Structure formats: structure tokens, C-alpha cells
Amino acid sequence: MTKFWILVTQLYKQKIKAKSFIFSVLLYVAIVSGVMFWSDIKAALFSEEPLKIAMINDTKQDFKEVFQSNSDVKFSFPSDDQTKIEKQVKTEKLDAAVYLTDKDNKLNAVIATFKPLEFNDQTNLSSKIQYAGKIYSVQQLNLSAEQATQIVESQTPIDMKNLNTKKDNGKSEDEKAAGIGTSILVGSIVYSIVISFLSIITTDVASEKGSRVLEVLLASVKPSTHFLAKITGTYLLAFTQVAILLVVQILLLLTVDGGSKWRKVVDVVDHLSMSYVFYTLAYLLLSIFLFLVMGALFGSLVSKVEEAGQAMMPVMFIGVAGFYVLMSGLYSPDTMLVKVFSFIPFTTVMVMPLRMGATDLSPTEPLIALIVLIVTVVVLFYVSFSFYKRSVLTYSSGGVIQKIKTVLKVTT
């Protein structure tokens, strides 16, 4: 046991001080922070003048309440003639001019620009014009502006009633949205771990084997001890990276904008059930261990570090496939593809949280997926544990399948 912890400590200290690990942590922190705080970063670094749009209203309806200026766009309602307005657009004093007219008792709009608007600006302007068109159509019924606005903005409250007394009521839209957001976060974490830490443990074992250092090391340490130490040390390294990422993000959420974003995160977490949190954490911890076991096994199969990339390719494809199924299921979480991949042990962690959060599935399905994942981890661990002892000092050429055949032939 002493030799085991010496190996774990040595691996952990070596990797956590490595420039590659520090750089990867900083990179992940920068990417996640950039995504979460993009609006603040954009406002600080890319402060632009608001879009200047002139609204020429030739109808009897007053649209000033609809087209209100903000930090992104500034609306004006000039009374100048069309020639003068278009001259200002051509000289870029105005970014666009919108002509509102009546056509068959419907609002008609023409957007005049000299330089095309950006996609987001054009989309936002079009949505405002569509909203104004609805108000204009309602106004033809001789209603007041307040009545027209009330009709257009009215929303019908919808409650779900489940007549099946054996099942719980269906999830609300907020609960499903929180589940989808959390599943994206978990899927991204697993995907990054598959890419980085699978590579770390595979290349580390392959490097020791290729440089013959492993032969000297295994003279005093059992292969089983070395196998467990590699997995434990890399697992702790992965846990450290995830912990650092979470701590930094929590601190940023608590400090930026007076903690307004943190309150939004708390609101999302409040919509997650305890069973969802339990299953998601269980899937995450077990799946990280599963991929690391496979990484150690593939590292023992290759004869030199240059072959590590080829050995990792099958697992990399599995991780990529699971991530793409997750992305494709964000808008259609009930498809057969999503259902099948939610029970595959290597992709359960990415897909099953999506189904749990975005659909009303049976309580037994997450449990079945968890049992299948546990059985797979146990079986694969013992298979890899046994195979590692036989393959770690075996040198052969060819692909992964050929290496496995060689190991079985030589050691049996």
C-alpha cells in the first residue's frame, strides 16, 4: 500500500505542476468564463455606438411605444422627406430607415440600408416590426392602444394534469430547461475529460513502456499496483481540474454584477430534483473512471508513445458520438437515437441526464442505466486489470486488434 501511494503522489505532483496541465486549466476557465460572461465582456471590450434607425411612419398609428431606444439601438421619428432621409443613410449618419405604410389594412414595412445590417440587428428589428404589425392589425378593430397591447401580449397560463395516478405530474418548462442546461454542462465536462485525461493516462503509460522505464519500475512494484496507481492519480488530477473550474466560476458568479448571475444559477438549480442530481453525479464519477481504465489498458498495448493516438481512437470516437447525440437531442430528446445512446455505458453520462431533464421518462430507466454502467465498470475493470499485467511488458507491432492477439498468444 505504501508503494501504491508513493506512485499516486508522484504522478499527481508531477502532472499538476506540468505546464500542460496549468495551461489546460487556464484554457478551460477562459472558455467557460467567456461563454458565461460574454455579454459583459462584449460590453467592456467591444463597446459600439448604438444602431441609428429612422422610423418614417405614414400610418395613423403611434408606434413610439414599440420602437423604444436602448443601449443597442436608437430609434428616431423624423419628419423630413424621403430624399433627405436616404441621403443620411448613404452618408452613414443613419444605419437604416424604416418606412411604415398601410396596405390593405395591414402594416407594410420597407427597410432601407446602404450597408447591410448584421444578422442579429436585422433579426431584432424584424421582430419589432412584426410585433408592431400585430398591434396595427388589432387596432383596425377600433380598440385603444392599451387594449390592443393587452391582446397582443396576453399569455395563457398552462398547467399539466396527469390522469395516470401511478405517475408523477409532468415536468414544467422551467424544470425541463434546467435539466437541458445541466446536461449540456455535464456533457461538456465529460467530453473534455475524454479528450484530455484519456490522452494523459494513455501517453503516460506508453511513454514509460517505450523508454523501458516501466521494466525497471515493475522490478520492485507489481503491475497491478502500477495499474491502480495510474488510474487513481489521473482520477484525482481530473477531479482537481473540475474542482478548480467550479470554484473559479462560483467566485465569478458571486462577484460579477453584484451576484445577479449567481441568483440565476440558484434559480436553475432549484428546478432540479434530488434524483436528477444523484444520478448525474453517479454517471459522471463512474464514467470518468471507465474512460481512465480504458486509457490505461490502451497505453499498455502500444510499444511506444507515437502509437498512443491510434490506440485511443476508438474511445475518442465513442466520446465524440455521445457528445453529438447530446447536441442533436437538445431539440428532439424523445428520438430513438437518444433513447438507445442513453443506455450505452460509454455515452450514458452525456445522454441520460438530457432525457431525465427534458422528458417525463419512467423512474426505472435511469436506475437501469446506472446498473448497466456499474456492471460495465466492474467487468471492464477486472478485464483490464488482468490484461494489463500481461500486456504491459509485451512489445508487438500492428494495430490494436493485432496487439491483443499477440498478448493473448504470448501470455497463454
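Residues numbered from 1 in each chain as written. Predicted model: local features only at pLDDT ≥ 70, side-chain atom pairs only at ≥ 80, totals over all residues. Heavy atoms only, no water.

### Focus: the overall build of the chain
- Counting its secondary structure elements, the chain contains 16 helices and four strands.
- Within the span of the chain, comprising 412 residues, buried residues form 40% of the whole.
- A sequence separation of at least 24 residues applies to 71% of the contacts in the chain between residues at least 6 apart.
- A total of about 23800 Å² of accessible surface is found on the chain, and carbon and sulfur atoms cover 62% of it. (Helix = DSSP H or I, 4+ residues; strand = E, 2+ residues; numbered from the N terminus. Buried < 20%, exposed > 50% of the residue type's maximum accessible area, 1.4 Å probe, protein only. Contact = heavy atoms within 4.5 Å. Areas by Shrake-Rupley, 256 points an atom, 1.4 Å probe, with all protein chains shown as cover.)

### Some details on the packing of aromatic side chains
- Within this structure, the stated rule accounts for ten aromatic pairs.
- An angle of 75 degrees between the planes, with centres 6.4 Å apart, marks the rings of Phe 63 and Phe 67 as edge-to-face. The same class applies to Phe 63 and to Phe 67, which are both buried.
- Relative to Phe 75, the ring of Phe 67 lies with its centre 5.4 Å away and its plane at 65 degrees, an arrangement referred to as edge-to-face.
- The buried category is assigned to Phe 67, whose relative accessible area is 2%.
- The exposure class assigned to Phe 75 is buried, which follows from its relative accessible area of 8%.
- Among the aromatic side chains, those forming a connected cluster through ring pairs are Phe 63, Phe 67, Phe 75 and Tyr 136.
- In this structure, Lys 64 is placed above the aromatic ring of Phe 77, and the distance from its NZ or CZ to the ring centre is 5.8 Å. (Phe/Tyr/Trp six-rings, centres within 6.5 Å; stacked < 30°, edge-to-face > 60°. Lys NZ or Arg CZ within 6 Å of the ring centre and 35° of its normal.)

### Concerning the confidence of the model for the chain
- For the chain, the mean per-residue pLDDT works out to 77, and 78% of the residues sit at or above 70.
- Model confidence for the chain, summarised as mean pLDDT per element, is weakest for helix α16 (residues 400-411) at 60 and strongest for strand β2 (residues 73-76) at 89. (pLDDT = per-residue confidence, 0-100.)

### Some points on the pairing of strand β1 (residues 51-57)
- For β1, the tally of buried residues reaches five of seven residues, placing the bulk of the element in the interior.
- Inspection of the sheet shows β1 paired to strand β3 (residues 96-103) by five bridges, in the parallel sense. Its bridge partner being in β3, Ile 56 is matched across the sheet by Tyr 99. (Pairing = 2+ DSSP bridges.)

### Section: the packing of helix α13 (residues 336-343) against helix α14 (residues 348-358)
- Between α13 and α14, the shortest axis-to-axis distance is 7 Å and the interhelical angle comes to 125 degrees. When the axis of α13 is compared with that of α14, the two are oblique. In terms of crossing hand, the pair formed by α13 and α14 is left-handed. Of the residues in α14, those in contact with Val 338, Lys 339, Phe 341, Ser 342 and Phe 343 of α13 are Thr 348, Val 351, Met 352 and Arg 355.
- Looking at the contact of α13 with α14, its residues break down into five nonpolar, two polar and two charged. (Axes fitted to C-alpha atoms, helices over the stretch in contact; angles between N-to-C directions. Parallel < 35°, antiparallel > 145°, perpendicular 65-115°, else oblique. Left-handed = near helix turned anticlockwise from the far one by under 90°. Nonpolar A, V, L, I, M, F, W, Y, C, P; charged D, E, K, R; others polar.)

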